[in-house]
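Take a look at the letters that make up each chain.
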Amino acid sequence: MRNLSLRRVFNWLGLALAAMIAFSAAVHAQIPGLAPTQRPTNMPYPVQLLLNKDGVHDPAGPGIKMLQEPREGLSALPKDYPGNGVHWVKALREGVIQPRTNILPGTEIRVLDLDILLSNTGEMPVVLFPHRQHTEWLDCSNCHERLFASKKGGTKGLNMFSVLQGEFCGQCHGAVAFPLTECSRCHSQARK
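**Student:** Can you walk me through the pattern of salt bridges in this structure?
**Tutor:** Side chains carrying opposite charge are able to pair once their charged atoms draw close together. Tallying each qualifying case throughout the model produces 3 salt bridges. Note that Arg185 is salt-bridged to Asp80, the shortest N-O span being 2.6 Å. On the criterion of sequence distance, the pair formed by Arg185 in helix α6 (residues 183–186) and Asp80 in the loop between α2 (70–74) and α3 (88–93) is long-range, its members being 105 residues apart. Put simply, Arg93 and Glu136 hold a salt bridge, and the shortest N to O gap is 2.4 Å. Taken together, the residues span a long stretch of sequence, with Arg93 in helix α3 and Glu136 in the loop between α4 (131–135) and α5 (160–164) at a distance of 43 residues. On the basis of relative accessibility, which here comes to 21%, the residue Glu136 falls in the partly exposed class. The network of salt bridges with common partners includes Arg93, Arg132 and Glu136.

**Student:** How should the nonpolar core be read in this particular structure?
**Tutor:** Soluble globular proteins: nonpolar side chains tend toward being buried together. In terms of nonpolar packing, the biggest core is built from 5 residues, these being Leu77, Val86, Ala91, Leu92 and Ile97. Discounting chain neighbours no more than four positions away, the residues touching Ile97 are Leu77, Trp88, Ala91, Leu92 and Trp137.

**Student:** Help me understand the pairing of strand β2 (residues 126–130) in this model?
**Tutor:** The side chains of a regular strand alternate between the sheet's two faces. With 4 bridges connecting them, strand β1 (residues 115–118) and β2 associate as antiparallel partners. Paired with Asp115 across the bridge in β2 is Pro130. The pairing of β2 with strand β3 (residues 187–189) spans 2 bridges and is antiparallel. Of the residues in β3, the one forming a bridge with Val127 is His187.

**Student:** Please explain the sheet that holds β1 as it appears in this structure.
**Tutor:** The pairing of strands in a sheet comes from backbone hydrogen bonds and takes either a parallel or an antiparallel form. Spatially, 3 strands are ordered β1-β2-β3 in an open sheet, and the strand pairing comes out antiparallel. For this open sheet the edge positions go to β1 and β3, each flanked by a neighbour on one side alone. Direction aside, the axes of adjacent strands within the sheet are offset by 55 degrees on average.

**Student:** For this particular structure, what's the right way to read the state of the cysteines?
**Tutor:** Applying the stated criterion across every chain, the model contains 0 disulfides. Of the cysteine sulfurs around Cys143, a residue in no disulfide, the closest is that of Cys172, at 6.3 Å. Under the relative-accessibility criterion, Cys172 is labelled partly exposed at 32%.

**Student:** Help me understand unusual backbone geometry in this model?
**Tutor:** Comment: phi is negative for the bulk of residues other than glycine, and the bulk of peptide bonds are trans. With an omega dihedral of 0 degrees, the bond running from His144 to Glu145 counts as a cis peptide bond. Assignment of secondary structure puts Glu145 in the loop between α4 and α5. Even without being glycine, Phe168 reaches a positive phi, approximately 50 degrees. Along the chain, Phe168 falls in the loop between α5 and α6.

**Student:** What am I meant to see in the environment of Leu67 here?
**Tutor:** One can find Leu67 in the loop between α1 (2–30) and α2. Classification of Leu67 as partly exposed rests on a relative accessible area of 43%. For the pair Leu67 and Leu51, spaced 16 residues apart in sequence, the C-alpha separation works out to 8.2 Å. Setting aside anything within four residues of it in sequence, one finds Leu67 in contact with Leu51 and His57.

What counts and how
Residues numbered from 1 in each chain as written. Predicted model: local features only at pLDDT ≥ 70, side-chain atom pairs only at ≥ 80, totals over all residues. Heavy atoms only, no water. Salt bridge = Lys/Arg side-chain N within 4 Å of Asp/Glu carboxyl O. Helix = DSSP H or I, 4+ residues; strand = E, 2+ residues; numbered from the N terminus. Buried < 20%, exposed > 50% of the residue type's maximum accessible area, 1.4 Å probe, protein only. Core = buried A, V, L, I, M, F, W, Y, C linked by side-chain atoms within 4.5 Å. Contact = heavy atoms within 4.5 Å. Pairing = 2+ DSSP bridges. Axes fitted to C-alpha atoms, helices over the stretch in contact; angles between N-to-C directions. Disulfide = S-S within 2.5 Å.

Interpretation in functional terms is not warranted from these geometric data alone.
Set out below in structure tokens:
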């Protein structure tokens, strides 16, 4: 029984290592020099599926006719080619969207304009974490202390493997924020 468990662990570790190597190779092959992401001219923006064909909504349900189609609702927003095709930060900056900052009246909103450099990235470029773009959408408590320690050096276990497993940055990126395949959006600072 114990040997079977160890074999499963080693198989899983082997698969995880192979996936990391393949991911790294794909990144370097497709993004030479890890230049900023740009949409190739022949690449279409993501297609917004019709609600009755998206596999999420019940096409026979009476409420489907009351909902706005994503193509219509998102058409006026700035385009981006990864993820859902919307550049949300640009939409916020240009005033195209004005999300509600709080639910409870009197809640203090704190936008923090502070960039953090994360340099423990192996051979990859350094990660620039912009607090401003995050705190325009989220309260500090969404991430601190649950995902990240506020104190420098206090966050343990932050690495791409854990992020790809949905931890740390992976809680949002790849789910509701741009996907983790856009390496150069985070790994944006050249090593000095």
